[in-house]
Amino acid sequence: MFRWQARTIQRSPQLVLLALGAVTLAMLAGFLVRDQPEGPIDSTGIFLPAGSDLAEATDAIRESFPEAADLRVVQILAKGDVLTANGLRSIRDLQAAIISDPAVEPFLVDEPLYGYVQLIELAAADVGLSLDAVTDTQVSLGLAQLAQDPERAELNDLLGRFVARDDVGTPIAGLSLIILDDVGDALGQETAQLRAHEIADSFDASPLDVAIVTLAKSDAEGKDAREQNLLILTVIALAVIVVLLALFYRTQSDVHITMLGLGMTILWTLGAVSWLSPGGVGIVDPDNILLTLVPVLLISLSVDYALQIIGRYREALRDNAAQGDDPEPDDDRSGRAMARSVRLCGVPVLLAAGTTAVSLLANLSSRFEPIADFGIIASIGVISGWIVMTSFVPSARLILDRRLAAKGREPTTRPVADTIPGAAAVLPRIATAVVRRPIQVLGTAIVITVLAVVAANNLSTTFSVKDFLPKDSDTFKSFDFLEENFDGSATLMTVLVETDVDSNRAVQDLTGLHTALIDPVRRPNGIVGAPLASAGTLLADWTSQSGQAGDSYDADVAAAFESLAAGNEATDEEVRRAWEQLRRADPEGFAEVIDLRTDGFDRTIIQIPVAVKDNEALQDLIDELEWLWRGVSGEITVTGGDALIALITEELAASQALSVGLVIAAALAILVAHFGISRSRPALGLITIIPIAVTLAWLLGAMWVLGISYNMGTALMVVLTIGIGVDYTIHLTHRFLEEHEEAERVVDGIRNAMTTTGGALLASALTTALGLLALLFSPLVPMQELGILAAVAILFGLIAAFTVLPSLLVLWARYHRWRAH
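A few points on the structure. (Residues numbered from 1 in each chain as written. Predicted model: local features only at pLDDT ≥ 70, side-chain atom pairs only at ≥ 80, totals over all residues. Heavy atoms only, no water.)

## Description of the overall build of the protein chain
Condition: Each helix corresponds to a stretch of at least 4 residues labelled H or I by DSSP, and each strand to a stretch of at least 2 residues labelled E; elements are numbered beginning at the N terminus. Contacts were defined at the residue level, with two residues in contact if any of their heavy atoms lie within 4.5 Å. Computed by Shrake-Rupley with a 1.4 Å probe, the accessible areas treat only the displayed protein chains as cover when residues are assessed. Neither His nor the chain ends is counted toward charge; the positive residues are Lys and Arg and the negative residues Asp and Glu. Charged side chains are reduced to one point each, which is NZ for Lys, CZ for Arg, CG for Asp and CD for Glu.
Along the protein chain, the regular secondary structure elements total 28 helices and ten strands. At a minimum sequence separation of 6, the contacts of the protein chain that also span at least 24 residues come to 80%. Roughly 34300 Å² of accessible area belongs to the protein chain as shown, and the carbon and sulfur atoms make up 56% of that amount. Side chains of the protein chain carry 56 positive and 100 negative charges; the gap between the two charge centres is 19 Å.

## What about the environment of serine 64?
In this fold, serine 64 is placed in helix 4 (residues 53–64). Remark: the alpha-carbon pair of serine 64 and aspartate 602, spanning 538 residues in sequence, is separated by 9.7 Å. Every residue in contact with serine 64, bar those within four places of it in the chain, is listed here: Ala591, Asp595, Arg597 and Arg603.

## Quick notes on unusual backbone geometry
Residue proline 207 is bonded to the preceding serine 206 through a cis peptide linkage, with omega at 15°. Note on placement: proline 207 falls in the loop between helix 9 (186–201) and strand 5 (209–213). Positive phi values are uncommon outside glycine, yet arginine 250 reaches one of about 65°. Turning to its location among the elements, arginine 250 is positioned in the loop between helix 10 (215–249) and helix 11 (252–276). In this structure, serine 680 takes a positive phi of about 55° despite not being glycine.

## Looking at the environment of tryptophan 4
Inspection of the secondary structure puts tryptophan 4 in helix 1 (residues 2–11). C-alpha separation for the pair tryptophan 4 and valine 342, spaced 338 residues apart in sequence, amounts to 10.0 Å.

## Re the nonpolar core
The test is simple: Joining through side-chain atoms within 4.5 Å is the link that ties buried Ala, Val, Leu, Ile, Met, Phe, Trp, Tyr and Cys residues into a set, and such a set is a nonpolar core. Exposure classes here rest on a 1.4 Å probe applied to the protein chains alone. A residue is buried below 20% of its type maximum, exposed above 50%, and partly exposed in between.
Ranked by internal contacts, the top residues of the largest apolar core, which has 255 residues, are Tyr116 and Trp579. If one sorts the elements of this core by residue count, helix 28 (residues 781–820) sits on top with 19 residues. Setting aside residues no more than four positions away along its own chain, tyrosine 116 makes contact with Ala78, Val82, Leu83, Leu88, Ile91, Leu159, Phe162, Val163, Gly174, Leu175, Ser176 and Leu208.

## Digging into helix 1
Because an α-helix completes one turn every 3.6 residues, residues spaced three or four positions apart along the sequence face the same direction. Spelled out, the test is: Note that the arc is computed from the directions linking the helix axis to the C-beta atoms.
Listed as buried for helix 1 are Phe2, Gln5, Ala6 and Ile9. Down the axis of helix 1, the sector holding all buried residues measures 100°, keeping them to one side. Residues of helix 1 that are exposed and point over 90 degrees away from its buried face: Arg3, Trp4 and Arg11. At its buried positions, helix 1 is contacted by helix 2 (13–28), helix 13 (333–361) and helix 14 (369–406).

## Some points on the pattern of salt bridges
Filter applied, for reference: Here, a salt bridge means any Lys or Arg side-chain nitrogen found within 4 Å of an Asp or Glu carboxyl oxygen.
Using the criterion set out here, one finds 29 salt bridges in the structure. For aspartate 59, the salt bridge is made with arginine 62, and the minimal N-O distance between the two is 3.7 Å. Note that aspartate 59 and arginine 62 are positioned in helix 4 at a spacing of three residues, about one turn of the helix. Overall, arginine 62 belongs to the partly exposed group, its relative accessible area being 40%.

## Considering the packing of helix 2 against helix 14
The cut-off we apply is this: Fitted lines through C-alpha atoms give the axes, limited to the stretch in contact for helices. The angle between two N-to-C directions lies from 0 to 180 degrees. Under this scheme an angle from 65 to 115 degrees is roughly perpendicular, one under 35 degrees roughly parallel, and one over 145 degrees roughly antiparallel; angles in between are oblique. Crossings are assigned a handedness: left-handed for a near helix turned anticlockwise from the far helix by less than a right angle, right-handed for a clockwise turn. In this count, Pro and Cys sit with the nonpolar residues alongside Ala, Val, Leu, Ile, Met, Phe, Trp and Tyr, while Asp, Glu, Lys and Arg are called charged and the others, Gly among them, polar.
Helix 14 packs onto helix 2 with a crossing angle of 140° between their chain directions and a minimal axis gap of 9 Å. Compared by their axis directions, helix 2 and helix 14 come out oblique. As for how helix 2 packs across helix 14, the hand of that crossing is left-handed. Across from Pro13, Gln14, Val16, Leu17 and Leu20 in helix 2, the residues of helix 14 making contact are Ile387, Ser391, Phe392, Ser395, Ala396, Leu398, Ile399 and Arg402. The residue inventory of the contact of helix 2 with helix 14, partitioned by class, reads nine nonpolar, three polar and one charged.

## Considerations on the packing of aromatic side chains
Going by this rule: Aromatic contacts are taken between Phe, Tyr and Trp rings whose centres are within 6.5 Å, Trp giving its six-membered ring; a plane angle under 30 degrees counts as stacked, one over 60 as edge-to-face, and the others as tilted. We call a charge positioned above a ring when the Lys NZ or Arg CZ atom is no farther than 6 Å from the ring centre and deviates by at most 35 degrees from the ring normal.
Throughout the structure, instances matching the rule amount to four aromatic pairs. Ring geometry for tyrosine 114 versus phenylalanine 162: centroids 5.5 Å apart, planes at 75°, classification edge-to-face. Of this pair, tyrosine 114 sits in strand 2 (residues 108–115) while phenylalanine 162 sits in helix 8 (residues 153–162), and the two are 48 residues apart along the sequence. As far as the burial class goes, tyrosine 114 and phenylalanine 162 line up, both buried. For the pair phenylalanine 561 and tryptophan 579, a centre-to-centre distance of 5.1 Å together with 75° between the ring planes defines the contact as edge-to-face. Of this pair, phenylalanine 561 sits in helix 20 (residues 555–566) while tryptophan 579 is found in helix 21 (residues 572–585), placing the two residues 18 residues apart along the sequence. Residue classification places tryptophan 579 among the buried positions, given a relative accessible area of 1%. Three or more aromatic residues joined by ring pairs form one cluster here, namely Phe561, Trp579 and Phe590. A cation over a ring is seen here: lysine 79 above phenylalanine 481, with NZ or CZ 4.4 Å from the ring centre.

Right, dumping it as structure tokens:
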């Protein structure tokens, strides 16, 4: 294959360029068929793991309770002394302005308002006061009485959750909510959320400072930031690469050729995105936040292939010159040198690109669709880079050098390693030291690796809506304020219960759960109020005559359910009749919370207001809810609100652990098969992979040291570490085998490999690391962390390739020499 490629480039480089140009046009045609995705932006919803219990429960809620599915909360965050009479009226008027707007009104739930203003209105109504005429003195006195009234302790507790105070107890902020349904129009619901921001911006809420917090605005800000910074990051990465290539090549033409190759690689990849997006195949979401990483990644990785080709080409030119000082005029030295370069680089570069592509494709095992899409596109980009850099770069270089030869000028033969100050002197010394003490080097590496693994066990896994926001945006700052003062952003959780409600046991379980959730003492921390809708609240409305339950009391319904509670021997038919009696009394309310099904288990929902500070508290809340349900554990699923964040946090580490395992197994299988078939030395495949496993352990340990959590961005870097690091070990192993066949001593083989290929690897590592450090200019914190980890991973990969790998190769070579003797 590579001999054919080398001959084709040597004989017809212009034809190769023409073929590459045709492919480029074909890929760019994808922009003509690409359509914009329909539906609103959903930066967190797209991470819902396919096939998970949460995904199935969400679908079940949409089927049985469409009005309860896809609820969104407009949070009105008021800052200042929110408990003054004017402040209360101001927020009430702002709520009224929002819910009366024609763009918002169609999406309101039955009782859309919730928060500190409504709680104070309720307390004022209990004593015969109206918010329209209340004074500051009356508000203060009423709040003091409320705090001392044990009968209204729950109301006071709720008010405390929606009003933030400073250390001395002065009110500093208040939170109010407006709940929206999508009514089958998700885009309209998104527009309604954005309209709330517009209304608040033009509303005079003095004396308070008001901010609106919605997921729609968060998603819009995140998308705008990604689109604006994608170009900036790409330009920065390209600028870094240009400077480094100029330093390494020392020739403008090589820099220009490589940059043109990078441009072609990016165009191919963007064209592939278009072909696979809606309008084309339709399997990739072009708005995927993770796809913004691909251009920077390709810029950094693809340069490695060009450096290897050019480095080998210059080396071949020097060898040709050493064999004959006076070549004939028609002697094609450049053609022969380029053919040799392509032929010798073919296998290691293909293995490097192939294992990198496989490492990226391993993301297809992830249950997170954005990660799987990233794996597809990034792997296409890597293969595109391999094709372009091993075809375009040598063809263009050969055409230019033949023109130079026709003018009587010689092409550049300066080794790439010589362009890095000190590399030519340091690398042989490292090789000599490693060869002399391989056991000590490996022992040190093992100790460091064990310490890194211990540290990695303490890594935390995180996922947050803020991950997708610029850290200087207003929404990001509002989320921070909510976390610091209100235990997090307020959301609605919907608990789905799938059980046979005909049984008396189910009635008791539902009643018991409702009793716990309305009790401020018993309900889990993080729930900021009684259920807004549930079978329990519906039953309480129709079976209780207390003032709190409402005016819907029905004696027949109450009698039916009292008989169920009186004894445990009620038949399923008796229970079914009781439910039917409740449905006849309130058909609309019944349909909103209970679905009696003929196929499969019945369904009922419980909607609860929630505000939690972090993922750990969120998971504790979900665990407590599941514990409070006395039925079968699989009957209850917590959905909506931040339940998705809890699931993502739980799934992320496990999902990527599987991907890492698959990558290592696939890379090991490829390398073992290659070395086993080509050299009858399958153990070399294992030797080539071991430094990668060491690098991975060091990286995870470094994450703990640097205080970087395991999140959606850093999870990708863990997999990429394998793809990046294996490039170094493959090239170095191949070059050692070539040198080992000619050198009499093992130390000479290691030294020559380190001096030649090691220098090129050092250059490619610098370009990759500095290129990926462009991510530090991203406004998104996870992307900045990814850039830092990329540089750390490349550093560790080089250290492992220059120390662990040579030590293993020395022991391997000595073992085989011993066997031969």
